[in-house]
Amino acid sequence: MLDIKYIRENQNIVRKAISDKGEEAELDKILELDEKHRKLLYQFEKKREYQNAVSKKIGEMKKAGKDAHDLINDMKGVASEVKELNSRISEIEQNLNKLLLTIPNIIHEDVPIGKTEDDNKLIREWGEKPEFDFEIKDHLELAENLQLLDFDRAAKITGSGFVSYTDRGAQLERALLNFMLDYHIKNYGYTEISPPYVVNRNTMTGTGQLPKLESDMYNIEEEDYFLIPTAEVPLTNLYSEEILYEDKLPTKLIANTPCFRREAGSYGKKTRGLIRMHQFNKVELVQLVKPEDSAEVLLEILSQAEAILRELGLHYRISMLCSGDLSFAAHKCYDIEVWAPGMGKYLEVSSCSNFLDFQARRANIRFRSNKDNQVHFVHTLNGSGLATPRTMIAILESFQVQSGGINLPESLKKYFRLNSLMPQS
């Protein structure tokens, strides 16, 4: 959420962010309500000031034995006016806050203006695309031959867009998750959290999934709970409605959770296999930091996420998202895309975002400064470190051998009981 004062004083910037992100928001209505709110608040404060002054006078008159009957009667009318003003202010505040939730975050000046992923800006690449002297397979054919995945039985017990990892497939994913968790905790000092996978409406609103993306979320109607679309949601909101000490910043959290999303969409050749799932596992990195540090921390999280791909020896590229591809809540975002040779395309495995104080204002996460002892909003950032399905796609396709087996990356071997995956007779 943007500060109403910022919106009031930077209308052109906010209006441009709404347009460049392709969002719809009633900015003029917000400004109109804000003006009404300030006028009524001024009247309310003046009435309260008058009410307090007269009440003090009444007390003095009674103490002096004087008749204050007329003033007391006048105050009944003033009290009624104060009550009416307070009611009107509360109503406007509710409407204003509801509309403020529809305003997207502002965009960093470096973000390219564009509408689709085709307008994203390539930042850099790492490694070389693997070369093969045999006809290669895609991950689905490899996984089926190696009996790593079972889509049919998953569809039977749930529906399309779900998968069951089987035997060595389940062990491989667990090995990958443990490797990523250990790497980030040991090398970067993250604190591991195992959060609830079900959260309430306030929590989803705090990180910006609601109200905009409600149709993409899995809702449990009776309690009005939601299955988490990413660990970003519970991790960031762990500190909602709290004031942290500056010495606790940066707060660095990591979690491995399933992610639930209705957005899987249509299925076909471009989305076959593990490409787009309703449920998938992901290691998430979240940091709460001082405002002056967030720009640097974004690059830090980006380097931490890409370190996993380097350790795995996978070719990847990094792009800065354009305005139209940027999420509602993000100020600036980098995508990491790993190369999948069997599919002949790059696949997004991580998005690393800086939200400034946008989420912190919605969730009311603040810190007390050592310098001035004042309370300020933190800045929040997150990044996938990484999502397993597409990372597994890249591993299977990049390290396949002619027999249809997989030679595993060195970094995974100590987490997995085998050095390779070979077809079983």
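The coordinates are above.
Cut-offs applied
- Residues numbered from 1 in each chain as written.
- Predicted model: local features only at pLDDT ≥ 70, side-chain atom pairs only at ≥ 80, totals over all residues.
- Heavy atoms only, no water.
- Helix = DSSP H or I, 4+ residues; strand = E, 2+ residues; numbered from the N terminus.
- Contact = heavy atoms within 4.5 Å.
- Axes fitted to C-alpha atoms, helices over the stretch in contact; angles between N-to-C directions.
- Nonpolar A, V, L, I, M, F, W, Y, C, P; charged D, E, K, R; others polar.
- Buried < 20%, exposed > 50% of the residue type's maximum accessible area, 1.4 Å probe, protein only.
- Pairing = 2+ DSSP bridges.

A. Representation of the environment of W339 in the model. Examined against the element boundaries, W339 turns out to sit in strand β12 (residues 332–340). On a C-alpha basis, the gap between W339 and L314 in space is 7.2 Å, while along the polypeptide they are 25 residues apart. With residues near it in sequence (within four places) discarded, W339 still touches K129, P130, H315, G344, K345, Y346, A394 and S398.

B. Up close: the packing of helix α2 (residues 11–20) against helix α3 (residues 27–63). Between α2 and α3, the least distance of the axes is 11 Å, while the angle of their chain directions is 145°. Here Q11, V14, R15 and I18 of α2 lie close against α3, whose contacting residues are L27, D28 and L31. When its residues are assigned to classes, the contact of α2 with α3 shows 4 nonpolar, 1 polar and 2 charged.

C. Structural context of the environment of E125. Here E125 is to be found in strand β1 (residues 121–126). Accessibility expressed as a relative area gives 45% for E125, which makes it partly exposed. Along the sequence, E125 and I72 sit 53 residues apart, while their C-alpha atoms lie 77 Å from each other. With near-sequence residues (within four places) excluded, E125 lies in contact with H315, Y316, R317 and Y346.

D. Spatial organisation of the sheet that holds strand β5 (residues 198–200). With respect to topology, 3 strands assemble into an open sheet ordered β5-β7-β6, the strand pairing being antiparallel. The open sheet has two free edges, formed respectively by β5 and β6 (219–220), since each of these has just one partner strand. Bridge count between β6 and strand β7 (residues 225–227): 2 bridges; the pairing is antiparallel. Bridge assignment links N219 to a residue of β7, and that residue is F226.

E. Quick peek at the sheet that holds strand β14 (residues 365–368). The mixed open sheet is built from 3 strands, whose spatial order is β8-β14-β15. Both edges of this open sheet fall to β8 (242–245) and β15 (375–377), since each of them pairs with a single strand only. Across the sheet, the mean angle separating the axes of adjacent strands is 40° when strand polarity is ignored. Pairing geometry for β8 and β14, over 4 bridges, is parallel.

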